[in-house]
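Structural description and commentary
This is what each chain is made of:
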Amino acid sequence: SQTRTRSSELYEEALKHIVGGVNSPSRSFKAVGGGAPVFMKRAEGAYFWDVDDNRYIDYLCAYGPIITGHAHPHITEAITRAAQTGVLYGTPTELEIHMAKMLKDAVPSLDKVRFVNSGTEAVMSTIRVARAYTGRNKIIKFAGCYHGHSDLVLVAAGSGPSTLGIPDSAGIPKSIAQEVITVPFNDLNALEEALNAWGAETAAVMVEPIVGNFGMVMPEPGFLEGLCRLARAAGALVIYDEVITGFRFHYGLAQTYGVFPDFAAIEPDLTAMGKIIGGGLPIGAYGGRKSVMDQVAPLGPAYQAGTMAGNPASIASGIACLEVLQEAGVYERMDALAAKLADGLQASANRHGVPLTINRIRGSLSTHFCDHPVTNYEQSQDTDGAMFGRFFKLMLEQGICLAPSKYEAWFLTTAHTEADIDATLEAAEHAFAAL
Ligand code: PMP
């Protein structure tokens, strides 16, 4: 059993200087019963070491970007080279073209791209561009999908599908929330109803094509096709937020993932990306159809800019990460390990009478402490947060690091091994028994 004295001390200190002691609220342990978050000091491969020298197997993976494991030599070398040749120029570089072509080669819907610094920025920019292109203001989104912390997408559902949104955060004007309509995921009738009411004012329908933010949730067959058809019939654009899903399940995006047989029918007008494509350094990107992207300055009237955008370090890191992911068999290996992990967790939970629903998509899985399928946000709400909180801490004490959120996925990396999975299942067996 571990002690985390130093983490507790640092947390007390951090609370005096950094809001809530953390630089992103999801890092606090508020949602898992409170206490000091673990302060990590080093990471390599599938492992973390904290400031008290405890070792952890990492399934947090920095909320998704770390798909090759920490400090992957190929990425480290690229970042080192970038550091030695200057990390920020404020001029174009050849590497940016190389990276743009890598994205385009993997994703047919991208005629042109623009690099930014985060997923939030990428999403914000797609909305600006969609509004510029259509001359309309409203956005339709889906309940439980997270699109970053910009005003427009931090808006929850009103009381029904045909009501306008209410702010999800203080500091968001009602006037902005009124431009957003939120409907349930996997519900084409609700989308149609919203479009009937607001379609003529709708600039875009935005969706995580495979959801990563209330667990891993697949669109039901026909949902994305129907979404695209309904949006276009209303003259609205389709925006896919692939910040989590990009290069997660295969070398490409959710929109090019083989389970959707008819890519053309689900192709978006605009796509937002982030996370994995930076190899761990800050990045975002958005792109889409030429006619739409040509709205962006300096070509068009939609302004979007960035001092740090396309910086040589993030681009070099991103290219190196994508190169690792091009190696044969990497996704198959993560898939196989995640399957073993999911099967083992399910069997262990069943043995101890713990209700558990696992949604697994290749190397990512979400664990819902409930006894029914999770295909939309409402169902995910039944996940027992208190039980997850206890499970989370029981796992942490045994050196298994999960995200401190009942919705967040467990991510496999190319660095995880069979032995890591075995150790994790052994820890889970103790945790489920203790629940
Ligand atoms: N979109 C999705 C689907 C996300 O999951 C996230 C982050 N979890 C974002 C956008 C925002 O990205 P960032 O945190 O890089 O701003």
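Note that the coordinates shown come from a computational prediction; the quantities given were computed from them, not determined experimentally. (Residues numbered from 1 in each chain as written. Predicted model: local features only at pLDDT ≥ 70, side-chain atom pairs only at ≥ 80, totals over all residues. Heavy atoms only, no water.)

So, on to the overall build of the chain. Tallying secondary structure elements over the chain gives 13 helices and 16 strands in all. On C-alpha atoms alone, the chain measures out to a radius of gyration of 21 Å, which is about the 22 Å that the 2.2 N^0.38 rule sets for 435 residues. With the C-alpha coordinates aligned to their principal axes, the bounding extent of the chain is approximately 60 × 55 × 45 Å. Expressed as a percentage of its 435 residues, the buried residues of the chain come to 56%. Total accessible area on the chain stands at roughly 17,800 Å², and carbon and sulfur atoms take up 54% of it. When the 33 basic and 46 acidic side-chain charges of the chain are each reduced to a single mean position, those positions are 4 Å apart. (Helix = DSSP H or I, 4+ residues; strand = E, 2+ residues; numbered from the N terminus. Rg over C-alpha atoms; globule rule 2.2 N^0.38 Å. Buried < 20%, exposed > 50% of the residue type's maximum accessible area, 1.4 Å probe, protein only. Areas by Shrake-Rupley, 256 points an atom, 1.4 Å probe, with all protein chains shown as cover. Lys, Arg positive; Asp, Glu negative; His and termini not counted. Charge placed at Lys NZ, Arg CZ, Asp CG, Glu CD.)

This brings us to the site of the ligand. In the vicinity of the ligand, the contacting residues are Ser118, Gly119, Thr120, Tyr146, His147, Gly148, Glu208, Asn213, Asp241, Val243, Ile244 and Lys275. Measuring from an oxygen atom of the ligand, one finds a side-chain N or O atom of Asn213 at 3.0 Å. With respect to the ligand, the side chain of Lys275 contributes an N or O atom lying 2.8 Å from a nitrogen atom. Tallied by class, residues from the shell around the ligand come to three nonpolar, six polar and three charged. (Near = heavy atom within 4 Å. Polar contact = N/O pair within 3.5 Å; in protein donor to acceptor, adjacent residues only side chain to side chain. Nonpolar A, V, L, I, M, F, W, Y, C, P; charged D, E, K, R; others polar.)

Another point: the pairing of strand S12 (residues 284-288). A regular strand places its side chains on the two faces of the sheet in alternate fashion. Across the five residues that make up S12, a large majority, five, are buried. Residues Gly284, Tyr286 and Gly288 of S12 are buried on one face, and the alternating residues Ala285 and Gly287, pointing to the opposite face, are buried as well. Relative to S12, strand S4 (residues 112-116) runs antiparallel, the two sharing five bridges. Opposite Val113, over in S12, you have Gly287 as the bridge partner. Note that strand S11 (residues 270-274) and S12 share five bridges and pair antiparallel. Bridge pairing in S12 places Leu270 opposite Gly288. (Pairing = 2+ DSSP bridges.)

To continue, consider the sheet that holds strand S5 (residues 138-142). Across the sheet, seven strands lie side by side as S4-S12-S11-S10-S9-S5-S8; this open sheet has mixed pairing. Pairing within the sheet leaves two strands with one partner each, and these edge strands are S4 and strand S8 (180-183). Strand after strand, the sheet turns through a mean of 20° between neighbouring axes, direction not considered. Where helix H7 (residues 223-233) meets the sheet, it contacts S5, strand S9 (202-207) and strand S10 (237-241), and its direction lies at approximately 145° from that of S10. (Axes fitted to C-alpha atoms, helices over the stretch in contact; angles between N-to-C directions. Contact = heavy atoms within 4.5 Å.)

Here we come to the packing of aromatic side chains. Taken as a whole, this structure holds 17 aromatic pairs when the rule is applied. When the ring of Phe185 is compared with that of Phe214, the centres are 6.2 Å apart and the planes differ by 75°; the resulting orientation is edge-to-face. Of the two residues, Phe185 sits in the loop between S8 and helix H6 (188-198) while Phe214 sits in the loop between S9 and H7, which places them 29 residues apart along the sequence. Since its relative accessible area comes to 1%, Phe185 is described here as buried. The buried category is assigned to Phe214, whose relative accessible area is 0%. Ring pairs connect the aromatic residues Phe29, Tyr59, Phe369, Phe388, Phe391, Phe392, Trp410 and Phe432, which therefore count as one cluster. Directly above the aromatic system of Trp49 lies the positively charged group of Arg42, at a separation of 4.0 Å from the ring centroid. The positively charged end of Arg248 is found above the aromatic ring belonging to Phe411, 4.2 Å away from the centroid. (Phe/Tyr/Trp six-rings, centres within 6.5 Å; stacked < 30°, edge-to-face > 60°. Lys NZ or Arg CZ within 6 Å of the ring centre and 35° of its normal.)

Here the focus is the environment of Ala264. Looking at the secondary structure, you find Ala264 in the loop between S10 and S11. Residue class for Ala264 comes out exposed when judged on its relative accessible area of 62%. Considered as a pair, Ala264 and Leu394 are 130 residues apart in the sequence and their alpha carbons are 46 Å apart.

Turning our eyes to something else, we now look at the side chain of Asn359. Along the chain, the position of Asn359 falls in strand S13 (residues 357-361). In this structure the side chain of Asn359 is engaged in a polar contact, spanning 2.7 Å, whose partner is the backbone oxygen of Met216. Excluding its chain neighbours within four sequence positions, the residues that come into contact with Asn359 are Met216, Val217, Ser364, Leu365, Ser366, His368 and Val374.

If you look at soluble globular proteins, the nonpolar side chains tend to sit buried side by side. Judged by nonpolar contacts, the single largest core of 72 residues is most densely connected at Phe247 and Leu345. Broken down by element, this core gets its largest block of residues, nine residues, from helix H10 (residues 330-351). The next biggest cluster of nonpolar side chains, apart from the first, holds 42 residues, and it includes Cys145, Leu164, Ile181 and Ile266. (Core = buried A, V, L, I, M, F, W, Y, C linked by side-chain atoms within 4.5 Å.)

This brings us to the pattern of salt bridges. Enumeration over the complete set of coordinates arrives at 16 salt bridges. A salt bridge links Glu44 to Arg42; its shortest N-O distance comes to 3.2 Å. Taking relative accessible area as the criterion, Glu44 reaches 44% and is therefore assigned partly exposed. When salt bridges that share partners are traced, they join Lys112, Lys290 and Asp294 into one network. (Salt bridge = Lys/Arg side-chain N within 4 Å of Asp/Glu carboxyl O.)

The strand order S13-S14-S16 describes an open sheet built from three strands, whose pairing is antiparallel. Two strands bound the open sheet, and with one partner strand each, they are S13 and strand S16 (410-411). Two elements, S13 and strand S14 (residues 364-368), share five bridges in a ladder whose sense is antiparallel. Bridged to Thr357 within S14 is His368. Across the sheet, H10 lies against S13, S14 and S16, angled at about 175° from S13, the strand it touches most.

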